[in-house]
Amino acid sequence: MTVIVSTDQVAPRDRHAFFADLVMQTHFRHNMNFLEGPRPFSASIASNQLGPLRINTVLSGPAHVSRTHRLFSHDPEEYVLVGLQRRGTPRVVAQDSGQEGAMRPGDMVILTSYRPYASVYAEPVEIVSVMLPRPALLVPDSDLHNLTGGVIRGDDGLGRLLSPFLSRLADASASYSPEIGEQLARNVTDLLATLCAERLGHDRIDAETAQRALLLRIRFFINRNLAHPGLSPESIARAHGISTRYLHKLFQGEGMTVSRWILRRRLEECRRELDRRGLRIPTVGSVARRWGFTHLAHFSRAFRAAYGMSPREWQERSSLPALGRPLPDMPEQGTAT
C-alpha cells in the first residue's frame, strides 16, 4: 500500500515544519533549511514497505538538508540509504569520508544514518530513497565508509543495472505480494553488495558474489524481454555467454526452474493489466499476447492454476478490493510460453 503525504494539505506558512516532520517519520531526523522561491514551498513523499526495505519517492522544493552527529542519538537504529536522483542536480557532501559530488538524473549515492552528510537542492528535485537496515547489507563497515557520499553514475558499470531497477521498483512496489516483496528486497540487497564490491575493485568480488550478480543480471534481462514469445532458457543462456546447464544450476537455489520463473513473471504482469480500470479495458487475448503467450488456452490454464480463476473472471472482479493473497505454487511447465 502506498502512503502519499503532501504539504499541499497544510497552509503555506506551516509547510516547512510539516515537511521536516514528514522526513523524520519516513527517513530519520535532519536539519532542514528551505530556500525561498517565486511560489510557496511544496513537497510530497510516497512511501512503501517491501520486506525490510522502505522505498520513498520524494518531491521537494529547494532546500539544504544535513545529518549531523548531534542527531544520531535520536535515531539509534542504523540504516543504509541509497538515493536515486530522478530530477534535479543536487550536490551531496559526506563530511566523514570527504566524498562529494554533483548528481545527475539517473545517478545514485550511498549514505548511512550514522555518518554525517549534507545535500543542497538549489532547484526542485525528485529522489527515490531506498532504506535498509545496516545488518542486512553484508559489506564491512570500513568498505561502506569508503563508498559513502561518492556519486555512482547511472550509466557506468553495475550502475546501469541498479539505477533503472530501483526506479521501476519504486513505481511498482505497491503492487507486489508480500512473498514477491521479500524476494525483491533480497535482490536489491545482493545487487547493492555487488555494486559495493565493484566500486572497491573487481579483485574483491568472490565467486559467490559474482554468481549472485550474474543471476540478478539474468533476472533483469528476463523482465526486460518478457513480451518476446521466443524468450527461453536457451536464448537467455546465449545472451549471457553461458551454457543452458549452468543457467539451470543458477536457478536451483530459487526453488523453481527458469521456465517456471518466466511463466510466473508473465502471469504477474498479465494480472496487473487485467486489474486495470478505466474506459479502455484491455481484452484477455491482447494482454496474453502482449506478455509473450502465443496460445490463449495455455495462458488461461496457467492463470487459473496460479490464481484460482480464469483471466476473464479475474478481470470482472477487478473493481473489488485487491485479494492480497499469496500466490499458490504453480505446476511445472515444459515451456515458458
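Anything mentioned here points back to the structure above.
Small disclaimer: the values here were computed from a predicted structure and weren't measured. (Residues numbered from 1 in each chain as written. Predicted model: local features only at pLDDT ≥ 70, side-chain atom pairs only at ≥ 80, totals over all residues. Heavy atoms only, no water.)

J.: In this structure, what is going on with the sheet that holds strand β11 (residues 125–133)? I would like to understand it.
T.: In a beta sheet, neighbouring strands are held together by backbone hydrogen bonds and run either parallel or antiparallel to one another. Read from one edge to the other, the open sheet built from seven strands follows the order β1-β3-β4-β11-β6-β9-β12, with strand pairing classed as antiparallel. Only two strands of the sheet have a single neighbouring strand rather than two, namely β1 (3–6) and β12 (151–152). Note that strand β6 (residues 79–87) and strand β9 (residues 108–112) share five bridges and pair antiparallel. When the sheet's bridge partners are listed, Val82 is paired in β9 with Ile110. Against the sheet, helix α4 (residues 159–172) touches β3 (43–50), β4 (53–60), β6, β9 and β11, its axis set at about 90° to β6. (Pairing = 2+ DSSP bridges. Helix = DSSP H or I, 4+ residues; strand = E, 2+ residues; numbered from the N terminus. Contact = heavy atoms within 4.5 Å. Axes fitted to C-alpha atoms, helices over the stretch in contact; angles between N-to-C directions.)

J.: Even after reading the chapter, I still don't get the environment of Gln49, so can you show me in this structure?
T.: Here Gln49 shows up in strand β3. For Gln49, a relative accessible area of 47% translates into the label partly exposed. C-alpha separation for the pair Gln49 and Met131, spaced 82 residues apart in sequence, amounts to 9.7 Å. Separated by 3.3 Å, the side chain of Gln49 and the backbone oxygen of Gly51 make a polar contact. A polar atom in the side chain of Gln49 sits 3.2 Å from the backbone oxygen of Leu53. (Buried < 20%, exposed > 50% of the residue type's maximum accessible area, 1.4 Å probe, protein only. Polar contact = N/O pair within 3.5 Å; in protein donor to acceptor, adjacent residues only side chain to side chain.)

J.: Just to check I follow, could you spell out the pattern of salt bridges for this structure?
T.: For side chains of opposite charge, pairing can occur when their charged atoms come near one another. Across all of its chains, the model carries 17 salt bridges by this definition. When the shortest N-O distance is used, the salt bridge between Arg86 and Asp171 registers 2.8 Å. Of this pair, Arg86 sits in strand β6 while Asp171 sits in helix α4, placing them 85 residues apart in sequence. Note on Arg86: relative accessible area 22%, which makes it partly exposed. By relative accessible area, which is 57% here, Asp171 ends up exposed. Ionic pairing is found between Glu269 and Arg265, a salt bridge with its closest N-O pair at 2.8 Å. (Salt bridge = Lys/Arg side-chain N within 4 Å of Asp/Glu carboxyl O.)

J.: Hey, could you run me through the pairing of strand β2 (residues 31–34) in this one?
T.: For a regular strand, side chains alternate in direction, first toward one face of the sheet and then toward the other. Burial along β2 is one-sided: Met32 and Phe34 are buried, while Asn31 and Asn33, pointing the other way, are not. In terms of strand pairing, β2 meets strand β5 (residues 63–67) through four bridges, oriented antiparallel. The residue bridging Asn33 from the neighbouring strand is His64, located in β5.

J.: Any chance you could explain the pairing of β5 here in plain terms?
T.: With four of five residues buried, β5 is to be regarded as a mostly interior element. Alignment of β5 against strand β10 (residues 117–121), held across five bridges, turns out to be antiparallel. When the sheet's bridge partners are listed, Val65 is paired in β10 with Ser119.

J.: In this structure, what is going on with the side chain of Ser60? I would like to understand it.
T.: Position of Ser60 relative to the elements: it lies in strand β4. Ser60 gets classed as buried once you look at its relative accessible area, which sits at 6%. Those residues within four positions of Ser60 in sequence are excluded, and the remaining contacts are Phe19, Phe41, Ser42, Ala43, Glu123, Pro124 and Val125.

J.: Hey, could you run me through the layout of surface pockets in this one?
T.: Using a probe with the size of a water molecule, rolled over the atoms, empty space left in the structure can be pinpointed. In this structure, the second largest pocket occupies an estimated 410 Å³ of space. Around the second largest pocket, the lining is made up of 19 residues, and of these Arg39, Pro40, Ser42, Gly61 and Pro62 lie nearest the centre. Contributing elements (two or more residues each) for the lining of the second largest pocket: β3 and β4. For the lining of the second largest pocket, the per-class residue count stands at 10 nonpolar, six polar and three charged. (1 Å grid on protein atoms, 1.4 Å probe; cavity = no way out; pocket = protein on both sides within 12 Å on 5 of 7 lines; lining within 4 Å. Points joined across faces, edges and corners; volume = space filled by probe spheres on them. Nonpolar A, V, L, I, M, F, W, Y, C, P; charged D, E, K, R; others polar.)

J.: Can you help me understand the nonpolar core in this one?
T.: Burial of nonpolar side chains together is a common tendency in soluble globular proteins. By size, the foremost hydrophobic cluster in this structure holds 35 residues, and its most contacted members are Val130, Leu137, Leu162, Leu166 and Leu192. Of all the secondary structure elements, the ones that give two or more residues to this core are β4, β6, β9, β11, α3 (141–147), α4 and α5 (178–200). Of the residues forming this core, the biggest block, nine residues, is contributed by α5. Sequence-distant contacts of Leu166, that is, excluding residues within four places in its chain, are made with Val82, Leu84, Met108, Val128, Val130 and Val188. Membership of the second largest hydrophobic core comes to 33 residues, among which are Leu231, Ala288, Phe299 and Trp314. (Core = buried A, V, L, I, M, F, W, Y, C linked by side-chain atoms within 4.5 Å.)

J.: I would appreciate a short explanation of the packing of α4 against α5 in the present structure.
T.: Axes are the key here: two packed helices are described by the angle between their axes and the distance separating the axes. At a minimum axis distance of 11 Å, the contact between α4 and α5 shows a crossing angle of 155°. Viewed along their axes, α4 and α5 adopt a mutual orientation that is roughly antiparallel. In this structure, α4 crosses over α5, and the sense of that crossing is left-handed. Mapping the contact onto sequence places Gly159, Leu161, Leu162, Phe165, Leu166 and Leu169 in α4 and Leu184, Asn187, Val188, Leu191, Leu192 and Leu195 in α5. For the contact of α4 with α5, a count of residues per class yields 10 nonpolar, two polar and no charged. (Parallel < 35°, antiparallel > 145°, perpendicular 65-115°, else oblique. Left-handed = near helix turned anticlockwise from the far one by under 90°.)

Functional significance is not addressed by these values, which are geometric in nature.
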